[in-house]
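The residues making up each chain are set out below.
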Amino acid sequence: MNISEPGEKNGIPSNQYLVCHQGKGVLLDPGGFGVMPKVLVNMLRHVQPDQISAIILSHQDPDIVGGLSTWLELVDTPVFVSQIWLRFLPHYGISRCDAFVGVPDEGMTLHLPGNWKLLLLPAHFLHSEGQINVYDPISKVLFTGDIGAALMPEGNRSVFVDDFPGHIPYVEGFHKRYMCGNKAIRTWLSAIKDLEIDYIAPQHGPIYRGSAVKQFLNWLSEIRCGIDLLDETKPFNGDNCYTLT
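First, a word on scope: everything that follows refers to the structure included in this document. (Residues numbered from 1 in each chain as written. Predicted model: local features only at pLDDT ≥ 70, side-chain atom pairs only at ≥ 80, totals over all residues. Heavy atoms only, no water.)

Quick word on a nonpolar patch on the surface
Then, number 1: A surface patch of nonpolar side chains, about 250 Å² in accessible area, is lined by V159, F160 and Y199.
Then, number 2: Relative to the helices and strands, V159 is located in the loop between β11 (141–145) and β12 (160–161).
Then, number 3: Residue classification places V159 among the exposed positions, given a relative accessible area of 51%. (Patch = residues over 30% accessible without salt bridge, like charges linked within 9 Å, V, L, I, M, F, W, Y side chains within 5 Å. Areas by Shrake-Rupley, 256 points an atom, 1.4 Å probe, with all protein chains shown as cover. Salt bridge = Lys/Arg side-chain N within 4 Å of Asp/Glu carboxyl O. Helix = DSSP H or I, 4+ residues; strand = E, 2+ residues; numbered from the N terminus. Buried < 20%, exposed > 50% of the residue type's maximum accessible area, 1.4 Å probe, protein only.)

So this is what it looks like as structure tokens:
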């Protein structure tokens, strides 16, 4: 877990993941430019750059993609991201656009060296229009991007969620504001219902395990969020203003 940009008091703590199998690795959501050195040091404890088989981006936000240009100077590997973001990523100053592989809206299976595969699953509008999840059938971990993300209080560096009811205050506000709506949530839940999930690993905050996995999914199925909470009777409020001098 890192701060998106070192020295930024209000930086967003984010998680970067490395999945390894038989000497090969896949880097998930490598993060912004500021965390890249720390992520690289940790990665080198397990694999070398030439052992990275793929990079997978759950969506297009800068706390995921900001350091990608530097990563592509170190690793010669394809980068998987939703096809709808392919035309936008060059705006991050990425010159190696030939590295990008667009993931179709229905998702795909990624076959890797060593008879290993990862499932790239659609999680559209949660919160990104083109978000994808990654499921590792070996470790039974579902990497969910911003689904399950928590805004933890300063100083709380919990690695796992074991008490889900006590964790709700850290996830409720984020999900109500950043998830599109309950219909999108239920569509996602239908897509993952047959998976055997031991861990849910979001991009922000601690990892769900044990009973917290099912408790979180049950809670999420009922939450009203995003467009469910829009009140069309509220007019534009011109009293909110900013004056330049």
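There's more to say after this.
Considerations on the pattern of salt bridges
Then, number 1: For the structure on display, the rule yields six salt bridges.
Then, number 2: One salt bridge in this structure joins D76 and R96, with 3.4 Å as the shortest N-O distance. Of this pair, D76 sits in the loop between α3 (68–74) and β6 (79–82) while R96 sits in the loop between β6 and β7 (100–103); the two residues are 20 residues apart in sequence, bridging distant segments of the chain.
Then, number 3: In this structure, D162 and R209 form a salt bridge, with 2.8 Å as the shortest nitrogen-oxygen distance. One end of the pair, D162, is in the loop between β12 and α4 (164–178); the other, R209, is in strand β14 (residues 207–209), and 47 residues separate them in sequence.
Then, number 4: The class of D162 is partly exposed, set by a relative accessible area of 46%.

A look at the sheet that holds strand β5 (residues 52–56)
Then, number 1: Strand order across the open sheet formed by five strands is β3-β4-β5-β6-β7, with mixed pairing between neighbours. Looking at strand neighbours, the two that pair on one side only are β3 (17–21) and β7, the edges of this open sheet. When strand polarity is set aside, the average angle formed by the axes of neighbouring strands in this sheet is 25°.
Then, number 2: Sheet analysis places β5 next to β6, joined by two bridges and oriented parallel. Its bridge partner being in β6, I56 is matched across the sheet by F80. (Pairing = 2+ DSSP bridges. Axes fitted to C-alpha atoms, helices over the stretch in contact; angles between N-to-C directions.)

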